[in-house]
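Inside the fold
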Amino acid sequence: MSILNETYELEGGVLIPKIALGTWQISTPQAVHPTEFALKNGYIHIDTAHGYANAKGIREGIKASRVKREDIFITSKVRGESKTYNEAMSDIHDQLEDLDTDYLDLMLIHCPTPWRFFNHKPTRPHFYKENIEVWRAMSEAKEQGLIRTLGVSNFNVDDLEHLIEATGVKPAVNQIRFSIGHTQPEIVAFCQENGILVEAYSSLGTGSLLKNEDIQKIADKYNKTVAQVAYRYPVQKGMVILPKSVHDKYILENADIDFEIEAEDMAFLDSLDL
Ligand SMILES: NC(=O)c1ccc[n+]([C@@H]2O[C@H](COP(=O)([O-])OP(=O)(O)OC[C@H]3O[C@@H](n4cnc5c(N)ncnc54)[C@H](OP(=O)(O)O)[C@@H]3O)[C@@H](O)[C@H]2O)c1
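So, here is what we can say about the structure in this document. Numbering of residues starts from 1 in every chain and runs along the sequence as written. pLDDT decides what is reported in this predicted model: residues at 70 or higher carry local features, side-chain atom pairs at 80 or more are listed and counted, and totals for whole chains, interfaces and linings draw on all residues regardless. Side-chain numbers come from the whole structure's heavy atoms, not from hydrogens or water.

Let's talk about the site of the ligand
Lining the immediate surroundings of the ligand are 29 residues, of which D47, S202, Y231, K244 and S245 lie closest. In this structure, an oxygen atom belonging to the ligand sits 3.1 Å away from a main-chain N or O atom of T23. In isolation the ligand offers 910 Å² of accessible surface; the protein chains occlude 90% of this area. Numbering of helices and strands runs from the N terminus, with a helix taken as a DSSP run of H or I at least four residues long and a strand as a DSSP run of E at least two residues long. Of all the elements in the fold, those that place two or more residues in the shell around the ligand are α8 (226-236) and α9 (248-255). Element by element, the count of residues in the shell around the ligand is highest for α9, at three residues. Polarity classes work like this: nonpolar for Ala, Val, Leu, Ile, Met, Phe, Trp, Tyr, Cys and Pro, charged for Asp, Glu, Lys and Arg, and polar for all others, with Gly in that last group. For the shell around the ligand, a count of residues per class yields eleven nonpolar, 14 polar and four charged. Here a residue is considered near a molecule or strand provided that any single heavy atom belonging to it is located within 4 Å of it. N or O atoms closer than or at 3.5 Å make up a polar contact, with two conditions inside protein: a donor-capable atom paired with an acceptor-capable one, and, for residues adjacent in sequence, both atoms drawn from side chains. Areas reported here follow the Shrake-Rupley algorithm with a probe of radius 1.4 Å; residue values treat only the protein chains shown as occluding.

Here it is, written out as structure tokens:
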């Protein structure tokens, strides 16, 4: 079985494919072709967000691929700026309409703060109460059958602890920046101890890892590219990956990662601080 068909099991038995096509920084017209091409070539998971403003392009790509809706896993996100019940509900309905779908497989709170406040410093402002309101809207939408699973993104341990304590529910996933040399160990450990699946974004450092000579040496050993090693690394940590490309060649390359990085090479990659 290709890794494109491999899944993790979330609460309620929902199966989430290990690889999603990332779609950040792809405009609506630009989104049509990569979505169609990825789906025609075995991808079954698309990662978008209200904030990416490309849902109508993804919709057209899905239609053009002729893959059935029920065979695709769609993740979207409530905007970081939406911190009230009404704003969150409005984002959910916008995404359903723009994607022309009756349900979303996974909906995330995109950011624990409005983006202008976001960083990982302990001094940054908190929006614990507001996130509970967003969660309430998402939970209602789930009860109405509009969303299958709920999660978060960019949450620190304290953001997660407050949400879990207030709602009694653990988010199914936390989508965070995770790449070789940028591994956020405290958040990852908390998620793994609490059964929260980690989704790794920007595994190429949005392109910055591609010229790294240390990773190139490992890639040469396996006859793979730096990108393939960088995407394989989080998969071997039990994470979902979200490779983004508008190029057919890279969309194929990024999913051709059915190989195993040996333990000593994983340890070497773990030791890199980039
Ligand atoms: N939750 C969040 O806050 C958040 C934040 C960032 C990202 N994300 C999600 O994670 C996805 C991935 O993150 P990212 O967009 O930062 O990207 P990334 O995976 O780190 O890197 C993508 C960049 O590398 C290029 N690329 C892709 N495959 C390549 C390959 N095999 N060889 C050479 N270059 C390659 C792409 O360019 P071309 O397109 O020109 O090929 C793109 O510029 C996003 O699209 C989004 O879905 C979520």
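Back to the text.
Some words on the packing of aromatic side chains
In this analysis, rings of Phe, Tyr and Trp, with Trp reduced to its six-membered ring, are considered paired at centre separations within 6.5 Å, and the interplanar angle assigns stacked below 30 degrees, edge-to-face beyond 60, and tilted for intermediate values. Overall, the coordinates contain four aromatic pairs when judged by the stated rule. With 5.7 Å between their ring centres and 80° between their planes, W115 and F118 make a pair best called edge-to-face. Each residue gets one of three labels from its accessible area relative to the maximum for its type: buried under 20%, exposed over 50%, partly exposed in between, using a 1.4 Å probe on protein chains only. You can call W115 partly exposed: its relative accessible area is 36%. Aromatic side chains Y222 and F259 sit 5.8 Å apart centroid to centroid with 50° between the ring planes, which places their arrangement in the tilted category. With Y222 in helix α7 (residues 213-222) and F259 in the loop between α9 and α10 (263-271), this residue pair connects regions lying 37 residues apart in the sequence. On the accessibility criterion, Y222 (16% relative accessible area) is buried. Positioned over the ring face of Y103 is R69, at 4.0 Å from the centre of the ring. By definition, being over a ring means that NZ of Lys or CZ of Arg is both within 6 Å of the ring centre and within 35 degrees of the ring normal.

Let's talk about the pairing of strand β5 (residues 73-78)
The buried fraction of β5 is high, at six of six residues. Burial along β5 is two-sided: F73, T75 and K77 and I74, S76 and V78, pointing in opposite directions, are all buried. When DSSP finds at least two bridges between two strands, those strands are taken to pair. Relative to β5, strand β4 (residues 45-47) runs parallel, the two sharing three bridges. By the bridge assignment, H45 is partnered in β5 with F73. Think of it like this: strands point away, you trace from the first strand over the helix to the second, and a clockwise trace means the crossover is right-handed. Handedness of the crossover joining β4 and β5 through helix α2 (residues 55-65) is recorded here as right-handed. Bridge analysis of β5 against strand β6 (residues 104-109) gives four bridges, and the strand direction is parallel. Paired with S76 across the two strands is M107, which belongs to β6. A crossover connection joins β5 to the parallel β6 through helix α3 (residues 85-99); in handedness this β-α-β unit is right-handed.

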